[in-house]
Amino acid sequence: MRILLVEDTLDVGEAISRRFETIGHTVDWQTDGRAAADILDFTEYDLVILDVMLPGMDGFSILKRLRDNGSAVPVLVLTARSEIDDRVGALDLGADDYLVKPFDFRELEARARVLMRRRAGGEATNVIVCGDVLLDRSQRSVKVGNREVPLKRREMTLLEILASRPGRVFSKDQLLDQLFGFDEPAGPNAIELYVGRLRKKLEGAKARIVTVRGVGYQLVSDAED
């Protein structure tokens, strides 16, 4: 989904951004704590990955400000501090999870998947099923029945958004926010393009992307008709 990464160590930030973008997520990366806190005042994210030691404003202060403002966005804290008091402090301030540096990227991805599953409604599995469409978030794979459906990065992300809440109507603006970051300008026609591509690849499935005129798009299964 759409992730805000706040990390001032350049090689770590580049590696995390590249890793999540490769598997289909949109990542906005900030190296300054104050700038990140300001962005969080007006932008919604599905996940915040937050370093502790930052210029401008430290991660604990950003986290406290987020929770004081009533934001429930999942926050995964990255810290080089392994002391129990620091970890307890992060959790008490409202962090949903933490990871001590250095870490394995596979564990970071797995923890992020858990937090985003909770955000999407608390599913206990990485597998989403709608009709005969099966999406495995950990493997980044899609099947229609027994047929493998190859999807490009943003097609996969679009399907994941729609399939995580079947029947819910998503507006073009909501989809744009989750598919494209600050540095990736795109207009409403981009959503129509990706919806069209995804519809073609899901032809014959027992789930369809429906256009709700003037509102947006939803994924429905034939069983819901």
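My aim in this report is to walk through the structure given alongside it, one point at a time. (Residues numbered from 1 in each chain as written. Predicted model: local features only at pLDDT ≥ 70, side-chain atom pairs only at ≥ 80, totals over all residues. Heavy atoms only, no water.)

## Things to note about the overall build of the chain
Line of reasoning, step 1. Looking only at helices and strands, the chain has eight helices and eleven strands in total.
Line of reasoning, step 2. When the 225 residues of the chain are sorted by exposure, 46% land in the buried category.
Line of reasoning, step 3. Charged side chains of the chain number 33 positive and 38 negative; the gap between the two group centres comes to 6 Å. (Helix = DSSP H or I, 4+ residues; strand = E, 2+ residues; numbered from the N terminus. Buried < 20%, exposed > 50% of the residue type's maximum accessible area, 1.4 Å probe, protein only. Lys, Arg positive; Asp, Glu negative; His and termini not counted. Charge placed at Lys NZ, Arg CZ, Asp CG, Glu CD.)

## Focus: the sheet that holds strand β1 (residues 2–6)
Line of reasoning, step 1. Across the sheet, five strands lie side by side as β2-β1-β3-β4-β5; this open sheet has parallel pairing. The open sheet has two edge strands with one neighbour each: β2 (26–30) and β5 (97–100). Averaged over all adjacent pairs, the angle separating strand axes in this sheet is 20 degrees, with direction ignored.
Line of reasoning, step 2. Where β1 and strand β3 (residues 47–51) come together, four bridges link them in parallel fashion. Counted as the bridge partner of L4 is V48 from β3.
Line of reasoning, step 3. Contacting β1, β2, β3 and β4 (75–79), helix α1 (residues 10–22) runs over the sheet at an angle of about 170 degrees to β2. (Pairing = 2+ DSSP bridges. Axes fitted to C-alpha atoms, helices over the stretch in contact; angles between N-to-C directions. Contact = heavy atoms within 4.5 Å.)

## Overview of the pattern of salt bridges
Line of reasoning, step 1. Inspection of every chain in the model, using the stated rule, returns 15 salt bridges.
Line of reasoning, step 2. Where R2 meets D28, a salt bridge forms, and the shortest distance between an N and an O atom there is 2.8 Å. With R2 in strand β1 and D28 in strand β2, this residue pair connects regions lying 26 residues apart in the sequence. Accessibility assignment for this pair places R2 and D28 in one class, buried. (Salt bridge = Lys/Arg side-chain N within 4 Å of Asp/Glu carboxyl O.)

## A closer look at the sheet that holds strand β8 (residues 141–144)
Line of reasoning, step 1. Sheet architecture is open: four strands sit in the order β6-β7-β8-β9, paired in antiparallel fashion. The open sheet has two edge strands, β6 (127–130) and β9 (147–148), and neither has a second partner.
Line of reasoning, step 2. Sheet topology places strand β7 (residues 133–136) next to β8; four bridges connect them, and they run antiparallel. When the sheet's bridge partners are listed, V133 is paired in β8 with V144.
Line of reasoning, step 3. Along the sheet, helix α6 (residues 153–164) makes contact with β6, β7 and β8, crossing β7 at roughly 110 degrees.

## Here's the deal with the environment of F105
Line of reasoning, step 1. Structurally, F105 is set in helix α5 (residues 105–120).
Line of reasoning, step 2. Judged by relative accessible area, F105 falls into the partly exposed class, the value being 25%.
Line of reasoning, step 3. Sequence separation between F105 and A190 is 85 residues, and the spatial gap between their C-alpha atoms is 31 Å.

## Thoughts on the environment of K152
Line of reasoning, step 1. With respect to the helices, strands and loops of the structure, K152 is situated in the loop between β9 and α6.
Line of reasoning, step 2. Overall, K152 belongs to the exposed group, its relative accessible area being 57%.
Line of reasoning, step 3. Spatially, the C-alpha atoms of K152 and L198 are 9.5 Å apart, while their sequence positions differ by 46 residues.

## Some words on the packing of helix α3 (residues 59–68) against helix α4 (residues 84–93)
Line of reasoning, step 1. At a minimum axis distance of 9 Å, the contact between α3 and α4 shows a crossing angle of 20 degrees. The orientation of α3 relative to α4 falls into the category roughly parallel. Contact residues: α3 offers F60, L63, K64 and R67, while α4 offers D86, A90 and L93. (Parallel < 35°, antiparallel > 145°, perpendicular 65-115°, else oblique.)

## Details of the pairing of strand β11 (residues 216–221)
Line of reasoning, step 1. For β11, the tally of buried residues reaches six of six residues, placing the bulk of the element in the interior.
Line of reasoning, step 2. Pairing of strand β10 (residues 207–212) with β11 involves six bridges; the strand directions are antiparallel. What sits directly across from T211, in β11, is Y217.

## Details of the pairing of β5
Line of reasoning, step 1. Only one face of β5 is covered, namely the face carrying D97 and L99; the face carrying Y98 and V100 is uncovered.
Line of reasoning, step 2. Here β4 pairs with β5 via four bridges, running parallel. Bridge pairing in β5 places T79 opposite V100.

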